[in-house]
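# Secondary and tertiary structure notes
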Amino acid sequence: MSAPKLKAPRGTFDVLGEQATMRATVEAKARAILEGAGYERIETPTLEATELFARGVGESTDIVQKEMYTLTDGGGRSLTLRPEGTAPVCRAYVEHGMHKRPQPVKLWYLSSFFRYERAQAGRYRQFWQVGAEALGSEDPAVDAESIVLLGTLLAELGVSVRLRISSLGSPDSRMAHRELLQTYLREHEASLSEEVKARIELNPLRAFDSDHEGTRAVMQSAPRLLDQLDEEDKAHFVEVCALLREADVAYEVDPSLVRGLDYYTRTVFEFTSDDLGAQSGVGGGGRYDGLIAQLGGPPTPGMGWAAGIERILLAGTPPAAGAAAPDVYVAWTDLKKPPQGGQGWPRGAVRTAAFGILREARSAGLTAQMELANRSLKGQLGQAAKMNARYVAIVGEQETVLKNMQGGGAQETMATDTVVHTVLRRLRDL
Ligand code: AMP
């Protein structure tokens, strides 16, 4: 009886072949754009103290309430697989005293994140995000620069998007608006969905996000935070918008824009793609001026975003870089049947010489591959052609035949120890 086959857990997937090379393209573009704008790469641990997300992301959010993968380790500590990247980056900023560096400190990451969500196309339980955080400046130019950088990245990857933007103001105006909104929602309770009703106390803003028809109708005339901002927040938002126009970025002000994390203040934004169906969010973020203090650091403003790699790949057209074609494919001619039971692999002189050429070619800086599947000579040549190899070195007992795969198959015979030298010379002469 054979053992049952195992599958990757629901909502997770293997990254294979072309997908892997397209991801490499996304990463290379992100690195070029973000590092060109002064962002440094950061890697934080996959596991963090659960408290970081409880305090950072917010107890009332879906993420903390029902989507975290939390475990207790051998020492009795509660740890959580990171569901997002901003809180860990802020934790690192505080832990490493980055407020002593010239501000703003700009950091970027590309990592995997974990949320126990209802898995469907474009929504997974392990997914990857590229993200950028600028910490230590409340200048509206930081907001505009950050949004422009994500817009540029998406455009270069062929993702066509729409940008929505709003402002959530300061904690004070948020609080005043929250009370106003709660009163309004209670007055219209009969038309609201059960879920929204249950959240009037804890998170009334999420009502703007509801798909429920009755709730949507009620929300049409709900008091909007954008209309209640104080003068400073209003001026900040006006300046962010002016800078975006200056940069020729098209956007739509959407006062109903709320995001699933509690830490946002002032600017919030989202890029959506009409090519994605229900999961239309490609990336988004905003300002979080209270978060670092909330995590025990000095009061420090921050602004950042995250974009989903899988959604970028679904909506965009990043070119697959393609596996590197070998400069030389090392074939041989003393094929013997593979041994039974792994005993006594044939180690003829030809095979040893072929292995030597492989190593010599690689240390000379060539890309090289060698026959590893005991194919017939015809099969080896076919394999070399499939890999798009430039040259095939067919190692024989006495000498080696070098075949130019891209020059009409021209062949020359030479001493085996001159093969690498010859390939190098031919490639240099091209
Ligand atoms: P968030 O961290 O929730 O603001 O999400 C930022 C971006 O990450 C979204 O716009 C999506 O592109 C992506 N994202 C969030 N959650 C998931 C998920 N479960 N699966 C795939 N992508 C996700």
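This text gives an overview of the structure that appears in the document. Just so it is clear, the structure is predicted and the values come from calculations on it, not from any experiment.

Reading guide: rules and limits
Chains are numbered independently. Their residues run from 1 in the order of the written sequence. For this predicted model, a pLDDT threshold of at least 70 governs which residues receive local features, and a threshold of 80 or more governs which side-chain atom pairs are given and counted, while totals over whole chains, interfaces and linings are taken from all residues. As a convention, hydrogens and water are excluded, and side-chain values are obtained from all of the structure's heavy atoms. Runs of E in the DSSP output that reach at least two residues are strands. Runs of H or I that reach at least four are helices, and both are numbered from the N terminus. Each radius of gyration reported is based on C-alpha atoms, and the globular scaling rule is 2.2 Å times the count of residues to the power 0.38. When a residue's accessible area, from a 1.4 Å probe over protein chains only, is under 20% of the maximum for its type it is buried; when over 50% it is exposed; and in between it is partly exposed. A contact between two residues is defined here by any heavy atoms of the two lying within 4.5 Å. Accessible surface area values rest on a Shrake-Rupley calculation with a 1.4 Å probe, where residue burial reflects the displayed protein chains alone. Here the nonpolar core consists of buried residues drawn from Ala, Val, Leu, Ile, Met, Phe, Trp, Tyr and Cys, with membership extended through side-chain atoms lying within 4.5 Å. Here, a strand pair is defined by DSSP locating no fewer than two bridges between the strands. Note on geometry: axes are C-alpha line fits, over the in-contact stretch for helices, and angles between N-to-C directions span 0 to 180 degrees. Under the rule applied, a polar contact is a pair of N or O atoms within 3.5 Å (in protein, one hydrogen donor and one hydrogen acceptor; residues adjacent in sequence only if both atoms are side-chain atoms). By convention, a stacked pair of Phe, Tyr or Trp rings (six-membered ring in the case of Trp) has centres within 6.5 Å and planes under 30 degrees apart, an edge-to-face pair has planes over 60 apart, and any other such pair is tilted. This arc describes the spread of directions from the helix axis toward the C-beta atoms. Each salt bridge in this description consists of a side-chain nitrogen of Lys or Arg and a carboxyl oxygen of Asp or Glu lying within 4 Å of one another.

### A look at the overall build of the protein chain
The secondary structure content of the protein chain amounts to 14 helices and 16 strands. By the compact-globule yardstick of 22 Å for 430 residues, the protein chain is too spread out, its C-alpha radius of gyration being 29 Å. The buried share among the 430 residues of the protein chain stands at 49%. Contacts in the protein chain between residues at least 24 apart in sequence constitute 69% of all its contacts with a sequence separation of at least 6. Accessible area for the protein chain stands at about 21,500 Å²; split by element, carbon and sulfur atoms hold 51% of it.

### What about the nonpolar core?
Counting 71 residues, the largest nonpolar core has Leu34, Val130, Ile147, Phe269 and Ile312 as the members making the most contacts within it. With 7 residues, helix H5 (residues 140-156) is the largest single contributor of residues to this core. Here Ile147 is in contact with Leu163, Ile165, Val240, Leu244, Thr267, Phe269, Phe271 and Met303, once residues within four sequence places are set aside.

### Examining the pairing of strand S12 (residues 328-332)
Counting buried positions along S12 yields 5 of 5 residues, so the element is predominantly enclosed. Here S12 shows two buried faces, one formed by Val328, Val330 and Trp332 and the other by Tyr329 and Ala331. For S12 and strand S13 (residues 368-370), the ladder comprises 3 bridges, and the chain directions are parallel. In the sheet register, Val330 faces S13, and the bridge partner there is Met370. The sheet contact formed by S12 and strand S14 (residues 391-395) spans 5 bridges and is parallel. Within S14, the position partnered with Ala331 by the bridge is Ile394.

### Notes on unusual backbone geometry
For the bond from Gln103 to Pro104, the omega torsion is -5 degrees, close enough to zero to count as cis. Its identity as a non-glycine residue notwithstanding, Asp248 has a phi of 60 degrees, on the positive side. Structurally, the position occupied by Asp248 is in the loop between helix H9 (231-246) and strand S8 (252-253). Overall, Asp248 belongs to the exposed group, its relative accessible area being 72%. Even without being glycine, Asn388 reaches a positive phi, approximately 65 degrees. Mapped onto the fold, Asn388 is located in the loop between helix H13 (377-386) and S14.

### Brief notes about the sheet that holds S14
Judged by pairing direction, the sheet is mixed, and its 5 strands sit side by side in the order S13-S12-S14-S15-S16 without closing on themselves. Every interior strand has two partners, whereas the edge strands, S13 and strand S16 (411-414), have only one. Across the sheet, the axes of successive neighbouring strands diverge by a mean angle of 20 degrees, strand direction being ignored. In terms of strand pairing, S14 meets strand S15 (residues 400-404) through 5 bridges, oriented antiparallel. In the strand pairing of S15, Tyr391 is matched with Asn404.

### Observations regarding the environment of Glu239
Take Glu239: it is sitting in helix H9. Linking Glu239 and Ile42, residues 197 residues apart in sequence, is a C-alpha distance of 30 Å.

### Considering the side chain of Arg23
Secondary-structure assignment places Arg23 in helix H1 (residues 17-36). One polar contact links Arg23 to Glu310, side chain to side chain, over a distance of 3.0 Å. Beyond its immediate chain neighbours, meaning those up to four positions away, Arg23 contacts Phe13, Val15, Trp128, Ile309, Glu310 and Leu313.

### Some words on the pairing of strand S6 (residues 126-135)
A large share of S6 lies buried, amounting to 8 of its 10 residues. Direction of pairing for strand S5 (residues 105-114) relative to S6: antiparallel, over a ladder of 10 bridges. Bridge pairing in S6 links Leu110 to Val130. With 7 bridges joining them, S6 and strand S11 (residues 302-308) adopt antiparallel strand pairing. For Ala132, the partnering residue across the bridge sits in S11 and is Trp305.

### Regarding the packing of aromatic side chains
Within this structure, the stated rule accounts for 8 aromatic pairs. Between Phe113 and Phe127 the ring centres are 6.4 Å apart and the planes differ by 40 degrees, which places this aromatic pair in the tilted class. In this pair, Phe113 is assigned in strand S5 and Phe127 in strand S6, connecting sequence segments 14 residues apart. Here Phe113 falls in the buried class, since its relative accessible area comes to 1%.

### Remarks on helix H14 (residues 419-429)
Within H14, the full set of buried residues consists of Val419, Val420, Thr422 and Val423. The arc that holds every buried residue of H14, seen down its axis, measures 160 degrees, which confines them to one face. Turned more than 90 degrees away from the buried face of H14 sit Arg428 and Asp429, all of them exposed. As for H14, its buried residues are in contact with helix H12 (349-363), S14, S15 and S16.

### Quick notes on the pattern of salt bridges
Counted by the stated rule, this structure contains 30 salt bridges. One salt bridge in this structure joins Arg101 and Glu40, with 2.8 Å as the shortest N-O distance. Residue Arg101 is located in the loop between helix H4 (86-95) and S5, and its partner Glu40 is located in strand S1 (residues 40-41); the two are separated by 61 residues in the primary sequence. For Arg101, a relative accessible area of 34% translates into the label partly exposed. Of the charged contacts in the structure, one is a salt bridge between Arg375 and Glu371, with a shortest N-O distance of 3.1 Å. What makes Glu371 buried here is its relative accessible area of 0%. One connected set of salt bridges, linked through shared partners, spans Glu27, Arg31, Glu35, Arg41 and Glu43.

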